[in-house]
Structure formats: structure tokens, C-alpha cells
Amino acid sequence: MPQTQKTAPARIRPLREQHIPDLLTLFEQSVRRMGPEHYSPQQVEQWALGARHPGLVSQLREHHGWVIEQQGIPLGFVTLSDDGHLSLLYVSADHPRQGLGGLLLERALQAASQLGLHSLTTEASAFSLALFLRHGFEQAGLETVERGGVSFVRHRLYCRLPSQGQPLKYPPFPQSNE
């Protein structure tokens with residue numbers, strides 16, 4: 001596992017009930033601090049309000065989930081439903097672009113294989129799209145959703161899994177020199 005700014009290594013652990021309050025805070029702070037890079041103030045506000053929606057707590061309780069933490073402090077989390085939907089993947093705004101999201105996504109891919117799933121689906125934001133594409137997800141389309149009267153465009157993605165739990169990779173198209 002990579003080490004972040006502190007000396008103790010980050011570790012991935014199963015998501016437990018006691019993590020939920022900290023994960024709700026992490027979700028809201030991540031959206032508020034990282035969202036403005038790609039979204040309007042109104043979109044960021046509506047998205048951040050999701051931390052108070054009971055459906056978020058239900059997903060954290062009912063789905064398979066993992067938390068990456070350091071010295072007991074959550075740095076990020078991911079959830080995966082029994083039917084292969086990756087519904088949440090968030091990293092603390094204090095630890096962006098350090099590979100933590102990739103580690104969480106790899107853990108979810110591994111779990112999907114252990115659950116006998118053959119594919120995963122998700123909806124990616126503008127700032128998580130590249131992460132998913134790097135890990136073998138492909139774009140299925142765009143969708144527009146509304147939260148509190150504010151519209152958002154999300155990327156609908158899927159990933160087909162072989163039995164080993166790693167994304168199926170295809171060689172790139174040959175490049176022409178023309």
C-alpha cells in the first residue's frame with residue numbers, strides 16, 4: 001500500500017458501521033473541495049447535500065464496502081452491490097491523486113470476482129472518469145440526472161471481468177503513421 005504524508009501505511013479494511021459518520025463527512029468534504037474543478041457551485045451544493053440523504057447511509061450499510069485508512073482515519077471508501085454496481089468511490093480531498101482510489105477500485109474488482117460477478121457497472125463523475133477508464137471500464141453512454149432541480153451529466157460505464165477479477169484488456173488499435 002502506498003504511504004501518504006504520515007509514516008504509517010494506508011490499509012484497506014471492510015467498511016463497518018462505526019466508519020459511517022466519518023465517511024459521510026469525507027463524502028461531503030470531497031465533493032465541496034474537489035467538485036468545483038468540474039462543476040458549477042449549484043451542482044456542487046446539491047451533490048454535497050447527498051451526504052445527508054438516507055439513501056447514502058443505506059448504501060454504506062447494505063453494500064459490500066471497503067475503507068482505506070491510515071492510523072484509524074478514513075482516507076477513502078468504495079461500495080459494491082451484489083449485482084455488480086459500484087455505487088460509491090470517494091477519496092479524501094486531502095489525499096487526491098495518490099493512488100488511493102486505484103487501490104480501492106482494485107479491491108472492488110477483486111471482490112467482484114470472488115462474488116462470481118462477470119461484469120460491473122457504475123456512473124462516473126467528470127473527476128473520476130479517468131480512474132475508471134485506466135482500470136478497464138468502458139463508456140456505455142451519458143446520462144443526465146437531476147438533484148434538487150439541478151442537472152448533472154454522468155458517464156455510464158461497464159467493465160467485463162474474467163474469472164481472475166481483472167478487467168478484460170484489449171490491445172489498442174494499430175496506429176497508422178499517415
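Residues numbered from 1 in each chain as written. Predicted model: local features only at pLDDT ≥ 70, side-chain atom pairs only at ≥ 80, totals over all residues. Heavy atoms only, no water.

When you go through the protein chain residue by residue, the secondary structure sums to five helices and seven strands. What you see in the protein chain, going N to C, is helices and strands ordered as β-α-α-α-β-β-β-α-β-α-β-β. Here the protein chain, with 178 residues, has 45% of them falling under the buried criterion. Taking as baseline every contact in the protein chain between residues at least 6 positions apart, the subset at least 24 positions apart corresponds to 62%. When the accessible surface of the protein chain is summed, it comes to about 10,000 Å², and 50% of that surface belongs to carbon and sulfur atoms. (Helix = DSSP H or I, 4+ residues; strand = E, 2+ residues; numbered from the N terminus. Buried < 20%, exposed > 50% of the residue type's maximum accessible area, 1.4 Å probe, protein only. Contact = heavy atoms within 4.5 Å. Areas by Shrake-Rupley, 256 points an atom, 1.4 Å probe, with all protein chains shown as cover.)

Tallied over the full model, the rule gives nine salt bridges. Close ionic contact of R32 with E28 constitutes a salt bridge, the shortest N to O distance being 3.0 Å. Residue R32 and its partner E28 are both found in helix α1 (residues 20-34); the two are separated by four residues, about one turn of the helix. One salt bridge in this structure joins E28 and R52, with 3.3 Å as the shortest N-O distance. Here the residue E28 occupies a position in helix α1, and R52 occupies one in the loop between α2 (41-48) and α3 (54-62), the gap between them amounting to 24 residues. (Salt bridge = Lys/Arg side-chain N within 4 Å of Asp/Glu carboxyl O.)

The four strands lie next to each other as β1-β2-β3-β4, forming an open sheet whose pairing is antiparallel. Each edge of the open sheet carries a strand with a single partner, namely β1 (11-14) and β4 (86-91). Recorded for the sheet is a direction-independent mean angle of 25° between the axes of neighbouring strands. Bridge analysis of strand β3 (residues 73-80) against β4 gives five bridges, and the strand direction is antiparallel. Bridge assignment links V78 to a residue of β4, and that residue is L89. (Pairing = 2+ DSSP bridges. Axes fitted to C-alpha atoms, helices over the stretch in contact; angles between N-to-C directions.)

Here we have three strands laid out as an open sheet, ordered β5-β7-β6, and antiparallel in their pairing. Of all the strands in the sheet, the pair left with one neighbour each is β5 (119-124) and β6 (138-147). Across the sheet, the mean angle separating the axes of adjacent strands is 25° when strand polarity is ignored. Across six bridges, the pairing between β5 and strand β7 (residues 150-160) is antiparallel. Bridge assignment links S119 to a residue of β7, and that residue is R160. Strands in contact with α2 are β6 and β7; relative to β7, the strand with the most contacts, it is inclined by about 65°.

Looking now at the packing of aromatic side chains. Under the criterion given, the structure shown has eight aromatic pairs. Taken together, the ring pairs in this structure connect Y39, W47, F127 and F152 into an aromatic cluster. (Phe/Tyr/Trp six-rings, centres within 6.5 Å; stacked < 30°, edge-to-face > 60°.)

Turning next to the confidence of the model for the protein chain. Residues at a pLDDT of 70 or more form 87% of the protein chain, whose mean pLDDT is 86. Within the model, the stretch residues 168-178 combines pLDDT values under 50 with seven contacts to residues more than four positions away or in other chains. (pLDDT = per-residue confidence, 0-100.)

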